[in-house]
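Coordinate analysis (summary)
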Amino acid sequence: MPIEAKDRTVLRDLAQQLAEAAAQPVMDERRAMWKRHNRLERVRPLVMVFPEGSWRELLPQSALICEGERAREIEWHLRLRLFYRDVIPDDSVIEAEWIVPMAIGDTGWGIEGKQKPSAQAEGAWAFDPVITKPSDLDKLHFPEVHYDHDETQRRYREMRDLLGDILDVKLKGIAHISFHLLYLYTRWRGLEQVMLDMYEEPQMLHDAMAFLEEGHHRLVKQYQDMGLFSLNNDATYQSTGGFGYTTELPLEGHYPNRITPADMWASAEAQEFAAVSPEMHEEFALQYERRLLAPFGLNGYGCCEDLTGKLDLVLTIPNIRRISISPFADVERCAERLGSKAIFSWKPHPSHLVGDFNPAQIRDYIRHTLEVTRGCIVEMSLKDTHTCEHRPERFTQWTQIARDLAEDY
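Calculation notes
- Residues numbered from 1 in each chain as written.
- Predicted model: local features only at pLDDT ≥ 70, side-chain atom pairs only at ≥ 80, totals over all residues.
- Heavy atoms only, no water.
- Helix = DSSP H or I, 4+ residues; strand = E, 2+ residues; numbered from the N terminus.
- Polar contact = N/O pair within 3.5 Å; in protein donor to acceptor, adjacent residues only side chain to side chain.
- Buried < 20%, exposed > 50% of the residue type's maximum accessible area, 1.4 Å probe, protein only.
- Right-handed = clockwise from strand over helix to strand, strands pointing away.
- Pairing = 2+ DSSP bridges.
- Arc of directions from axis to C-beta.
- Contact = heavy atoms within 4.5 Å.
- Phe/Tyr/Trp six-rings, centres within 6.5 Å; stacked < 30°, edge-to-face > 60°.
- Salt bridge = Lys/Arg side-chain N within 4 Å of Asp/Glu carboxyl O.
- Core = buried A, V, L, I, M, F, W, Y, C linked by side-chain atoms within 4.5 Å.

This next bit is on the side chain of Arg 44. The topology assignment puts Arg 44 in the loop between α2 (25-38) and β1 (46-49). Side-chain polar atoms of Arg 44 contact the side chain of Glu 407, separated by 3.2 Å.

A word on the pairing of strand β10 (residues 298-301). Covered by surrounding structure in β10 are Leu 298 and Gly 300 together with Asn 299 and Tyr 301, the residues of both alternating faces. Taking the sense of rotation as the criterion, the β-α-β connection linking strand β9 (residues 265-268), helix α9 (residues 278-293) and β10 turns out right-handed. In this structure, β10 lies alongside strand β11 (residues 320-325), joined through three bridges in parallel fashion. Note that in β11 the partner of Gly 300 across the bridge is Arg 322.

Here we take up helix α7 (residues 191-200). Taken together, the buried positions of α7 are Val 194, Asp 197 and Met 198. End-on, the buried residues of α7 take up no more than an arc of 105°, which puts them together on one face. What points out from α7, more than 90 degrees from its buried face, is the exposed set Glu 192, Tyr 199 and Glu 200. Residues of α7 that are buried sit in contact with α6 (181-189), α8 (202-225) and α9.

What follows is about the sheet that holds strand β13 (residues 377-382). Spatially, seven strands are ordered β1-β13-β12-β11-β10-β9-β8 in an open sheet, and the strand pairing comes out parallel. The open sheet is flanked by β1 and β8 (178-179), the only strands paired with a single partner. Where β9 meets β10, four bridges bridge the pair, whose relative direction is parallel. From the neighbouring strand, Ala 266 faces β10, where its bridge partner is Asn 299.

Our focus in this paragraph is the environment of Thr 308. By the secondary structure assignment, Thr 308 is in the loop between β10 and α10 (311-314). Judged by its relative accessible area of 10%, Thr 308 falls in the buried class. As for Thr 308 and Pro 278, which are separated by 30 residues in sequence, their C-alpha atoms are 9.8 Å apart. Apart from residues lying up to four places away in sequence, Thr 308 is in contact with Ala 329, Asp 330, Arg 333 and Cys 334. Polar contacts involving the side chain of Thr 308 include one to the main-chain amide nitrogen of Asp 330, which spans 3.0 Å.

Under the counting rule described, the total for this entry stands at 13 aromatic pairs. Ring centres of Trp 34 and Phe 243 lie 5.2 Å apart, and the angle between their planes is 85°; this geometry places the pair in the edge-to-face category. Taken as a pair, Trp 34 in helix α2 and Phe 243 in the loop between α8 and β9 lie far apart in primary sequence, 209 residues in all. Across the pair, exposure class does not vary: Trp 34 and Phe 243 are buried alike. Taking the centre distance of 6.1 Å and the plane angle of 75° together, the rings of Trp 55 and Trp 76 count as edge-to-face. Placement of Trp 55 in helix α3 (residues 55-58) and of Trp 76 in helix α4 (residues 69-86) is noted, with a sequence separation of 21 residues between them. Taking the relative accessible area as the measure of exposure, Trp 76 reaches 19% and is therefore buried. Grouping aromatic residues by their ring pairs yields a cluster made of Trp 34, Phe 50, Tyr 237 and Phe 243.

Bringing the pattern of salt bridges into the picture now. Counted according to the given criterion, the structure contains 35 salt bridges. For the salt bridge of Asp 168 with Lys 170, the shortest nitrogen-to-oxygen distance reads 3.9 Å. Across the pair Arg 391 and Glu 393 runs a salt bridge, and its minimum N-O distance is 2.3 Å. Accessibility expressed as a relative area gives 38% for Arg 391, which makes it partly exposed. A single salt-bridge network, built from bridges that share partners, covers Arg 44, Asp 91, Arg 403 and Glu 407.

Further remarks concern the nonpolar core. Grouped together as the largest cluster of nonpolar side chains are 122 residues, with contacts concentrated most on Tyr 185, Tyr 301, Ile 323, Phe 344 and Ile 366. Looking at this core, the element that brings in the most residues is α8, giving nine residues. Leaving out residues up to four positions away in the same chain, Tyr 185 has contacts with Ile 131, Leu 137, Gly 190, Val 194, Met 204, Leu 205, Ala 208, Met 209 and Leu 212.

This is the structure we're talking about:
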């Protein structure tokens, strides 16, 4: 349904505010800092905040003005970006653009994972395995990519008509490349059973990982052959922290209409293997992920898993540039091993935003990490905040503390 005139007025006003925010000189300064940072030049530690689960408190549906469903969806995303202007003074770059995703999908892997829901609204679900024996792997098939040109153009025309004279409306295809092999497989097999399989059914686990590796190689090839890749050397979110601004990508002489993996960032993670030994991590995950990442120009690795004892292995990933240092990692040991070889993408503990909010404790906590990482290329990425207890000012305070300390270091 077309967007009603009243809703259009609201959206265009928000877009104008966004364009004005993007025109501030500080955005050019931040963009330049990210490019230097991603080249492994020491600027100051960069600060990012991703409220994630807290957005339902920070920007609830009740805060929206538009009436139409589609208009409310657009309004929410515009207000989210303006929220950084007003409440979260981190190092995010506000761009005067609206990204229209191309209508790209695939046929899936042949099976769907199941889970047992919690009795509580926000409670933890349990695995309900659909792969119970080696022969069940025969149910899997490789995904086939499909692209809907007409739907893509419809989306593009809609946003060009609505906001094209205010924001730069851009079509974008596959730009965030992230491999999650164990995330997929544990939802089919069950996490506990995968842990046991490393001892009881190692060949079955290897067969599953090999199939997923091959399937992702095929997906990458289809995206490339169909011209569906888009450059991600911009504000595109990278790995599990950081942005893609870089002067190193795309490769010199690249073809704008035929982007290859060598022109792009990519990443992988294996959070499910947080408690697994380095040897097991290498055997059942990293060797497969390494081959998937090898064709890409720059790579990131890790998420919430503690990689303290695995950095030697992670550093063997071709073109590794960003490594996640989780809230559970030993920052001193990681700093000693990592140095300036890759970005020290630190994830501060999000629990500091709940309960008794203690600015002094937060300051000491962040200062300790910045002190022990003086020889590293550091970024701080506050994420996984499932609630701020309806106290948005906590994000402002945390960000300001982190920015102040970053200036000191």
